[in-house]
Amino acid sequence: MKAAAALAALPAPPAEVAVPAIAPKDLNGTWDVTMFWSPTEPPSSSVMVLNVAEDGKLTGSFYSSEFLEAEYSLRGETLAFASVTTDGEAPYSHSGRLVNGRIEGQTLSQGRDFLMIWVATRREEAAPAAG
């Protein structure tokens, strides 16, 4: 009896740790962005380029402006990033999350009372020409 009670008191073996289905490299590439900048106007479009580094840093560009600063973070199944660009007059703060293969994000134009919602889809890379 004592042995059975002692055995029952032991902690359960650790559950296997699931490997995340997403990885930082899933942000890499060229993304076509649909920007919903006005509730009364049709959306506009732009391009975003993302390249991750192992140290949590991100390089790239959005709306033809190189990132001044950018980082990404993976927590469980949530892969998110934030970046800052400028148009020469004011900074823009961007953030997005990878959700079901696309990026859902927003951009704040600092000091201009402007918050834009956007969605990005990965651009298909051109296949190499057959040689």
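Residues numbered from 1 in each chain as written. Predicted model: local features only at pLDDT ≥ 70, side-chain atom pairs only at ≥ 80, totals over all residues. Heavy atoms only, no water.

What about the environment of Ser38?
Short version of the rule: Helix and strand assignments follow DSSP, with helices taken as H or I runs no shorter than four residues and strands as E runs no shorter than two, numbered in order from the N terminus. Each residue is placed in one exposure class: buried if its accessible area under a 1.4 Å probe, protein chains only, is under 20% of its type's maximum, exposed if it is over 50%, and partly exposed if it falls in between.
Inspection of the secondary structure assignment puts Ser38 in the loop between strand E1 (29-36) and strand E2 (44-52). Residue class for Ser38 comes out buried when judged on its relative accessible area of 17%. Each C-alpha atom of the pair Ser38 and Met116 lies 7.7 Å from the other, and the pair is 78 residues apart in sequence.

A word on unusual backbone geometry
Phi at Tyr63 is positive, roughly 55°, even though this residue is not glycine. Mapped onto the elements of the fold, Tyr63 is located in the loop between strand E3 (58-62) and strand E4 (65-66).

Digging into the side chain of Thr107
Worth spelling out the cut-off: Counted as a polar contact is a pair of N or O atoms within 3.5 Å, where, for protein atoms, one must be capable of donating a hydrogen and the other of accepting one, and residues adjacent in sequence contribute only when both atoms are in side chains.
Within the element layout of this structure, Thr107 appears in strand E8 (residues 102-109). A distance of 2.9 Å separates the side chain of Thr107 from the side chain of Trp118, its partner in a polar contact.

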